[in-house]
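Next come the chains, spelled out residue by residue.
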Number of protein chains: 2
Amino acid sequence: MPLSKLQGVKLPASADFHVHLRDGPMMELVTPTIRQGGVNTVYVMPNLVPPITTVDHALDYQKRLQAVEPNVHYLMSLYLHETINPETIIEAKKRGITGVKSYPAGVTTNSTSGVVDYSQFYPVFAEMERQEMILNLHGECPSKGDVTVLSAEEQFLPILAELHAQFPKLRIILEHCTTAAAIEAVKKCGPTVAGTITAHHLSIIIDSWAGDPFCFCKPVAKTPADRDALLRAAVSGNPKFFFGSDSAPHPAASKRGGEKIAAGVFTQPYTTQVVIDAFDQACQNGVLKEEQITPEIVEGFMSKFGRAFYGIGEEQKEFITIDNKGEKIVDILQSDKIDVVPFRKTQETWSVSWS
Amino acid sequence: MPLSKLQGVKLPASADFHVHLRDGPMMELVTPTIRQGGVNTVYVMPNLVPPITTVDHALDYQKRLQAVEPNVHYLMSLYLHETINPETIIEAKKRGITGVKSYPAGVTTNSTSGVVDYSQFYPVFAEMERQEMILNLHGECPSKGDVTVLSAEEQFLPILAELHAQFPKLRIILEHCTTAAAIEAVKKCGPTVAGTITAHHLSIIIDSWAGDPFCFCKPVAKTPADRDALLRAAVSGNPKFFFGSDSAPHPAASKRGGEKIAAGVFTQPYTTQVVIDAFDQACQNGVLKEEQITPEIVEGFMSKFGRAFYGIGEEQKEFITIDNKGEKIVDILQSDKIDVVPFRKTQETWSVSWS
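- Chain A is annotated in an unreviewed UniProt entry as dihydroorotase of Penicillium alfredii.
- Note on chain A: under the UniProt heading Pathway (unreviewed entry), the record states "Pyrimidine metabolism; UMP biosynthesis via de novo pathway; (S)-dihydroorotate from bicarbonate: step 3/3."
- Reading the Sequence similarities (unreviewed entry) entry of the UniProt record for chain A gives the comment "Belongs to the metallo-dependent hydrolases superfamily. DHOase family. Class II DHOase subfamily."

**Examining unusual backbone geometry**
- Put simply, Val 49 of chain B and Pro 50 of chain B share a cis peptide bond, and its omega is 0°.
- Among the structural elements, Pro 50 of chain B can be located in the loop between β3 (39-44) and α2 (55-68).
- For the bond running from Lys 218 of chain B to Pro 219 of chain B, omega is -5°, close enough to zero to count as cis.
- Note that Pro 219 of chain B resides in the loop between α7 (206-209) and α8 (224-234).
- Its identity as a non-glycine residue notwithstanding, Arg 344 of chain A has a phi of 60°, on the positive side.
- Topologically, Arg 344 of chain A is positioned in the loop between β12 (339-340) and β13 (348-354).
- Despite not being glycine, Thr 346 of chain A shows a phi value in the positive range, around 70°.
- Here Thr 346 of chain A lies in the loop between β12 and β13.
- Here Thr 346 of chain A falls in the partly exposed class, since its relative accessible area comes to 38%.

**Thoughts on the side chain of His 201 of chain B**
- Secondary-structure assignment places His 201 of chain B in the loop between β8 (193-197) and α7.
- In contact with His 201 of chain B, not counting residues within four places along its chain, are Thr 178, Cys 217, Pro 219, Val 220, Ala 221, Arg 227 and Leu 230 of chain B.

**Considering the nonpolar core**
- Counting 212 residues, the largest nonpolar core has Phe 279 of chain A together with Phe 125 and Phe 279 of chain B as the members making the most contacts within it.
- What Phe 279 of chain B contacts, discounting residues up to four positions off in sequence, is Leu 3, Leu 202, Leu 231, Ala 234, Val 235, Leu 288, Ile 293, Val 298 and Phe 301 of chain B.

**As for the sheet that holds strand β13 (residues 348-354) of chain B**
Residue and element names in this part refer to chain B.
- Read from one edge of the open sheet, three strands run β1-β10-β13, paired in antiparallel fashion. The sheet is open, and its two borders are formed by β1 (9-12) and β13, each paired with just one other strand. For this sheet, the mean inter-axis angle between neighbouring strands, taken without regard to orientation, is 45°.
- Sheet topology places β1 next to strand β10 (residues 319-328); four bridges connect them, and they run antiparallel. Within β10, the position partnered with Val 9 by the bridge is Ile 322.

**Re the interface of chain B and chain A**
- Facing the 23 residues of chain B at the interface are 23 residues of chain A.
- Buried area between chain B and chain A, both sides added, is near 2,100 Å², and the carbon and sulfur share of it is 63%.
- Together, Asp 207, Gly 211 and Glu 259 of chain B form the three largest contributors to the area buried by chain B at its contact with chain A, with a combined 23%.
- The closest approach of N and O atoms between Asp 212 of chain B and Lys 260 of chain A, which form a salt bridge, is 3.5 Å.
- The interface formed by chain B and chain A includes eight residue pairs in polar contact (both at pLDDT 80 or more).
- Residue contributions to the side of chain B that touches chain A peak at three residues, all from α7 of chain B.
- When its residues are assigned to classes, the side of chain B that touches chain A shows ten nonpolar, six polar and seven charged.

Definitions and limits used
Residues numbered from 1 in each chain as written. Chains lettered and ligands numbered in written order. Predicted model: local features only at pLDDT ≥ 70, side-chain atom pairs only at ≥ 80, totals over all residues. Heavy atoms only, no water. UniProt positions renumbered as here; feature names shortened; annotations may be inferred. Helix = DSSP H or I, 4+ residues; strand = E, 2+ residues; numbered from the N terminus. Buried < 20%, exposed > 50% of the residue type's maximum accessible area, 1.4 Å probe, protein only. Contact = heavy atoms within 4.5 Å. Core = buried A, V, L, I, M, F, W, Y, C linked by side-chain atoms within 4.5 Å. Pairing = 2+ DSSP bridges. Axes fitted to C-alpha atoms, helices over the stretch in contact; angles between N-to-C directions. Buried area = accessible area lost by both parts, 1.4 Å probe. Salt bridge = Lys/Arg side-chain N within 4 Å of Asp/Glu carboxyl O. Polar contact = N/O pair within 3.5 Å; in protein donor to acceptor, adjacent residues only side chain to side chain. Nonpolar A, V, L, I, M, F, W, Y, C, P; charged D, E, K, R; others polar.

Right, here's the structure in full:
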């Protein structure tokens, strides 16, 4: 029986440090599914339309989220934008905003307002460093010339190194790492640099999304060697690497039927389950060894390391029990207004219950 | 004005050495578009469902095609399958079949019946060599282990080299080359080995199909460096490289809306136009030089080299005139029964008229 030592194990509630909860009907549909994935704390990304560039907007959004699901702790972020200046950062810290997310212009969903040149933001980063706020980076260069979706992340890594060198005390997170190169780049930096890894990038590769819109996201899944590097990082016990689902819901019609396929994989209701399943599969394929996947390792990746990096303290109140009980992922999640198709729909996965 | 020396030029009718014309309503819809692309001769691929594995089936299919569009010369092929033996080859040659197409099992549309092991077919290849029939290879290894859709073609190249070494007189075509490595592998072989290049692979790269189902096909488009190698081969004047569109129509619903996106780019009504446009773009991007793109070069790639390799003689009766008149690619092609979305729909391209 695969990963038998994890069956029936009790762990602190998971934390998901990279979620997209959208707004309106989609927000109402997906926010209640956070706890279904064994998660009680989320870091909410700011790429709404229009993006969240003011503290008022972020806190208003937080209130709307709390109204839909009050039993989740929402950490809020701002969208790095030319209207954000050091004064914004001072106010943000004072009023409880956790971090700032940076999107290179055009690389993914709702990123047309994104960054073209990082040096213009150095005064903002300096204030963030002083205020101990977090900088989240979508680490891809826009595709042009020889840069493609395959090389966009690797091409970005010098920018990560440079930002870290300029601001060594600034906590920087390279979001949703998808390459072995990114893992190495994060390791090479000091302790203020971390990397999140999604649930889906622990299992999919380029073949998965070539022809399957529900596996298509940015940064794109790449080679088996890259995926294996992500798996090894996730179970390494290295506190730089922790979970951020990048669960990115789109209506089913935007994943099919449109002119272009919206980028994003939706995992919110099954985050802990799908991560454990990915470790399980990796053991079955000989990429990981069963003895590596201890409860301590899982707890580190899914809860402890991220909470420590974000400075919010260990989870001591809520616990989940994980089990290989063959929970079946639904075909589609829907309200009377909107729908979204989950990653690995109709497949069996591990199960999570609140202790 | 780009490629000005090609404006108003008269060329022999193009030949398309790799077409998918399907059957039933789709066949009726797309076959009449062959001549719209400036083509009067096609090599028809056999991957119907069920695949064409008997001479009777192939000739019956040919009759159906001729009934729909009598003004095209249809060269027919068989689908390499365990039921095909040396006797089949003898009969095929006698009754006017041109070649045999080999699909590795599972790599693309309707390839579940394909090849797992080439050595079992050596007696068939030996007879094909004697009978001077052509072997067309879909050159990709099935994805498994470390092989992905990105490396599948390069992994196949040793098989090409081996087949050529075993059967040096057998005319072998590596279909729809998509990598610089494939171009080099074809060059390294003797004069009996050629490679076709599609219209779409002369312009698209991985970014094009990441999120756009109408640019998704097998073998997948890859890097700018690969595309540039295809462009250079297409205008090199090397008679080993000639045009085969791999135009692969699927109903719009199969490209959107389904569970998986059907692989295939549809270019049949605009083949010559889109190729010239790709050369034009490449000149504008500095990948090719205008002075390279002579009428002789275009004629070689689009008509002369393929006809010579296939042994069917130069085109002497029908001619086309090409012009940069801003022909607009339709949004969709449809009958009352079926539809198909063309590559680069709604965009402007070169135009072709029959002289």
